[in-house]
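Fold and geometry: a report
In case you want the letters, here they are:
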Amino acid sequence: MDMLPVTEKNPQIQLATDKFAREMGKKVVFIFSSKDEKQAIEVSDIFAKKLKNTKMFSGVDYSFGDEYAKDFYDIFFKYRFSTLSYDNRELVKNNNIDAFCKNALNRLYQPIDGVTGTMITEDPFFLFMSKVESMPKMQGNFLPVDGHLVYENNDEFNVLVTATVSDNVRGSQQVKLVKNINSLIGSLHKKFRNVNSRWTGMIKFSARAQSSAQREVSRVGLGSIIGIILLFIISFKSVKELFTALIPVFAGLVFAWGITGFIFDKVHVITLVFGASVIGVSIDYSFHYFAHARFEKFLNSDTIIKAVLPGLTLGMLTSLAGYLSLAAAPFPGMRQMAIFSSTGLVGAYATVILFFKYLKLNPAFEYKPFLWKVALAVSQKSSMLLKITVLILVTGTAGMFWLKANDDIRLLSSKQSDLLHEENQVKKMIGAVDRSRFVLVNGQNYDELETNEEHIVNILEALKTKGALKSFLAISMVIPSKKIQQENLTFMDKLIHSDCAADYFNTLGFTDDDIGKLQKNILSGTLKFDDVKSRISVAPYSMFKIGQSGNINSSVIMLDTIKDEKSIKNKINKTGFAVYVDRVSDISDLFGRYRKISTIISGIAYLGVFLFLIFRYGFKQGILTITPPLAAAVTILGGMGYLGIHANIFTFFALMMVLAIGIDYTLFFTESSNNHDAVSFAIFLSAITTLLSFGLLAVSSTAAISHIGFVMLFGIVIVTFLSPIAKREN
């Protein structure tokens, strides 16, 4: 939730939507299956009881026996005259007293189990029975069997257990809870080998994502550090200078952690995954310093700092601009990544500038490592590279005409196919509705909310009749509004005093006392949802009443099997007090809008850098300096066009970072006119560590991070090999 963008709706609506999403995210569903029904029930009972003992669930529902039935009876039998079923409510709206009497008489002569003479005396119109039959089904295909919810399919009995995760289970506790659940299920499988299980819930995906992210932090961080160590030892043959070079890296990470923690309440693991790539970028400053110190025979550290300061400063500023561009994204998590990465670079840069000038240098040596020779070989082919650049620009530009965009958020879902497969199996069995699409009803107060929801229910019922959707679920279908209940009571009072009721009572042999008791029961009042929302028979519906969010009261109506989304959306949104919510569509549309904005921002960024370069170096040198990162961007977009790979918002954020980091390489060549060998070597080392960091990001299980990693990987490769065209002689 924290990583997702706001959908730019009314803030009050956003608050209510997020609140409902959090409540839905706490739900966990377990299904135990076996060809032996008793064994499946036994395992579900054992599991549910042990699950309760973890103290990490606010509720575990697995038995719906006498206690559940009694609770339902205690609530709704007392208010049977006010909480009528939908069919009976239609008769009330049409003031059809005769139909009420006729229906009651028909049911009287039907064989009905469990209806005693006493019950007929108290409920002669079978109002409670109609209510039971009309209650919306929360669990789809599952039906009560011996106090449990069971679904028989293909000679296999499936038993349902549902649970609600406690509010205090967050972060690492989610990972721990999922491990405990899997361990518990595993132990049951060993004991009951003929019983299979499936389970799903947001916590399962969240725990997997956290574990995966933690592994990726270690992989990116450790991989970058190992790469730096090997490169430094091979290139400089000095363990002492290696540790010195790492000081800015760790200083930057500590600075980034402190500033990010100060600005935000918490630092996301995904931020650390992306932020670990800062290691591969911030080491650049150390590489440039030591490359000049060891191979250019400068007199002292202060002289070296002065020599590299212009390139380091311009490089840091452009990299800073690239990382901060992520803050333009509508994702709170992306903004946090931007802050972490930017402050990390500033910390590393400041450490090199302020600390390295006091270092005591090792003497320069004549040893030239293999990477030195490779770097020089590439940098000395600037004329050939210029021709290649022109070819790349022409070919890439042609490919851009085939480039298409796709902003569907589902294309960026994490790579958790096994969990998705299991979730789809569970959904298919319980007939779960699409949780991303629902109707949000609002009201200035509770009474207005109830009235508004009743109106929406009537609209949806009409749409259901026309085939726009299969069914829907609303709180008012369980407990009607106070206004509706009062209307029901008025009608029932009129019904009891009607001629047809008198004939019906004669048929039943009612006495005046019996009729008098009925009249007294009608005066028992109305039922309030808040008074019974925590009762076991009503609690499953309580999540649909969001309550107050900001200045409005809200409730949710869930929709099942939507067939005509356009009609539903138009009808609902026209009311002014309700809105059709499609989280996937809303976020995807937002992706599209921000992709267009990021495209413009990227173009402005490249143009702005170009104008700055012209101002500083002149027109010709400005073109040569901007061309490598520009060629990288054109090549990537053109290649995506040729290969049919769709662009999205993250493509253009990554291209801005290609500019921000890639321009460093060309700036160093442009700024260092007399020591191209050292610059070429430092850039080559910097590129390797940067490629290592972003290459590791490319295999991230988080699709957005992976996409940025891939674009950066190819972009930095292209810029590295083309950057020597920016060389200029003194």
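Residues numbered from 1 in each chain as written. Predicted model: local features only at pLDDT ≥ 70, side-chain atom pairs only at ≥ 80, totals over all residues. Heavy atoms only, no water.

To continue, consider the packing of aromatic side chains. This model, assessed by the stated rule, comprises 27 aromatic pairs. Here the aromatic rings of Phe-100 and Phe-491 are separated by 5.5 Å at their centres, their planes lie at 40°, and the arrangement is tilted. Residue Phe-100 is located in helix α5 (residues 97-108), and its partner Phe-491 is located in helix α19 (residues 482-496); the two are separated by 391 residues in the primary sequence. Accessibility assignment for this pair places Phe-100 and Phe-491 in one class, buried. An aromatic cluster of at least three residues, connected via ring pairs, comprises Phe-232, Phe-236, Phe-287, Tyr-289, Phe-290, Phe-355, Phe-356 and Phe-681. The ring of Phe-77 carries Arg-80 above its face, with NZ or CZ at 4.1 Å from the centroid. (Phe/Tyr/Trp six-rings, centres within 6.5 Å; stacked < 30°, edge-to-face > 60°. Helix = DSSP H or I, 4+ residues; strand = E, 2+ residues; numbered from the N terminus. Buried < 20%, exposed > 50% of the residue type's maximum accessible area, 1.4 Å probe, protein only. Lys NZ or Arg CZ within 6 Å of the ring centre and 35° of its normal.)

This part is about the packing of helix α9 (residues 202-236) against helix α10 (residues 239-263). The interhelical angle for the contact between α9 and α10, taken along N-to-C directions, is 145°, at an axis separation of 10 Å. In terms of crossing hand, the pair formed by α9 and α10 is right-handed. Contacts between α9 and α10 pair Ile-225, Ile-228, Ile-229, Phe-232, Ile-233 and Phe-236 from the former with Glu-241, Leu-242, Ala-245, Leu-246 and Phe-250 from the latter. Residues of the contact of α9 with α10, tallied by class, amount to ten nonpolar, no polar and one charged. (Axes fitted to C-alpha atoms, helices over the stretch in contact; angles between N-to-C directions. Left-handed = near helix turned anticlockwise from the far one by under 90°. Contact = heavy atoms within 4.5 Å. Nonpolar A, V, L, I, M, F, W, Y, C, P; charged D, E, K, R; others polar.)

Moving on, we get to the packing of α5 against helix α20 (residues 499-508). Each pair of packed helices can be described by the angle between their axes along with the distance between the axes. Viewed as axis vectors pointing N to C, α5 and α20 meet at an angle of 15°, and their least axial separation amounts to 9 Å. Classed by the angle they form, the pair α5 and α20 counts as roughly parallel. For the crossing formed where α5 meets α20, the hand is left-handed. From α5, Ile-97, Asp-98, Cys-101, Ala-104, Leu-105 and Leu-108 reach across to α20, where they touch Cys-500, Ala-501, Tyr-504, Thr-507 and Leu-508. (Parallel < 35°, antiparallel > 145°, perpendicular 65-115°, else oblique.)

Structurally, Ile-283 can be placed in helix α12 (residues 278-295). Residues Ile-283 and Lys-533, 250 residues apart in the sequence, show an inter-C-alpha distance of 58 Å. Apart from the residues lying within four places of it in its own chain, the contact partners of Ile-283 are Ile-228, Ala-245, Val-249 and Thr-689.

One broad trend across soluble globular proteins is that nonpolar side chains are buried collectively. Among the nonpolar cores identified, the biggest contains 98 residues, and Tyr-285, Leu-312, Leu-655, Ile-661, Phe-694 and Met-712 are the most heavily contacted of them. If one sorts the elements of this core by residue count, helix α26 (residues 649-671) sits on top with 15 residues. With residues up to four places along the chain from it excluded, the contact list for Leu-655 reads Tyr-606, Ala-633, Ile-636, Leu-637 and Val-711. (Core = buried A, V, L, I, M, F, W, Y, C linked by side-chain atoms within 4.5 Å.)

There is a patch of nonpolar side chains on the surface, built from Phe-401, Trp-402, Tyr-642, Leu-643 and Ile-645 and spanning about 660 Å² of accessible area. Locating Tyr-642 in the fold gives a position in helix α25 (residues 619-643). (Patch = residues over 30% accessible without salt bridge, like charges linked within 9 Å, V, L, I, M, F, W, Y side chains within 5 Å. Areas by Shrake-Rupley, 256 points an atom, 1.4 Å probe, with all protein chains shown as cover. Salt bridge = Lys/Arg side-chain N within 4 Å of Asp/Glu carboxyl O.)

It is worth spelling out unusual backbone geometry at this point. Of note, Asn-154 is a non-glycine position whose phi angle comes to about 55°, a positive value. Within the secondary structure layout, Asn-154 lies in the loop between β4 (148-153) and β5 (156-165). One non-glycine residue, Thr-561, adopts positive backbone phi at about 55°. Tracing the sequence through the fold places Thr-561 in strand β10 (residues 552-562).

Here we take up α5. Compared with an ideal rise of 1.5 Å per residue, which puts twelve residues at 16 Å, α5 spans 17 Å between its outermost C-alpha atoms and is within 8% of the ideal. When we look at burial in α5, the residues that qualify are Ile-97, Ala-99, Phe-100, Cys-101, Ala-104 and Arg-107. Against the buried residues of α5 lie α4 (86-93), α7 (127-134), α19 and α20. Where α5 starts, the residue carrying a side-chain oxygen 3.1 Å from the main-chain nitrogen of Ala-99 turns out to be Asn-96. (Expected span 1.5 Å × (residues − 1). Polar contact = N/O pair within 3.5 Å; in protein donor to acceptor, adjacent residues only side chain to side chain.)

Turning to the environment of Ile-430, a few remarks are in order. Position of Ile-430 among the secondary structure elements: in helix α17 (residues 417-430). In this structure Ile-430 comes out as buried when scored by relative accessible area, which is 11%.

Here we take up the pattern of salt bridges. Close approach of charged atoms allows side chains of opposite charge to pair. Under the definition given, this model contains twelve salt bridges. Between Arg-89 and Glu-487 there is a salt bridge, with its nearest N and O atoms 2.6 Å apart. Here the residue Arg-89 occupies a position in helix α4, and Glu-487 occupies one in helix α19, the gap between them amounting to 398 residues. Its salt-bridge partner being Asp-302, residue Lys-306 comes within 3.5 Å of it at the nearest N-O pair. Placement of both Lys-306 and Asp-302 in helix α13 (residues 301-324) is noted, with a separation of four residues, approximately one turn of the helix.

A few words now on the state of the cysteines. Under the defined criterion, the tally for this structure stands at one disulfide. Here Cys-101 connects covalently by a disulfide to Cys-500, the sulfurs 2.1 Å from one another. Its S-S torsion of approximately 50° makes the covalent link between Cys-101 and Cys-500 right-handed. One end of the pair, Cys-101, is in helix α5; the other, Cys-500, is in helix α20, and 399 residues separate them in sequence. For Cys-500, a relative accessible area of 18% gives the class buried. (Disulfide = S-S within 2.5 Å.)

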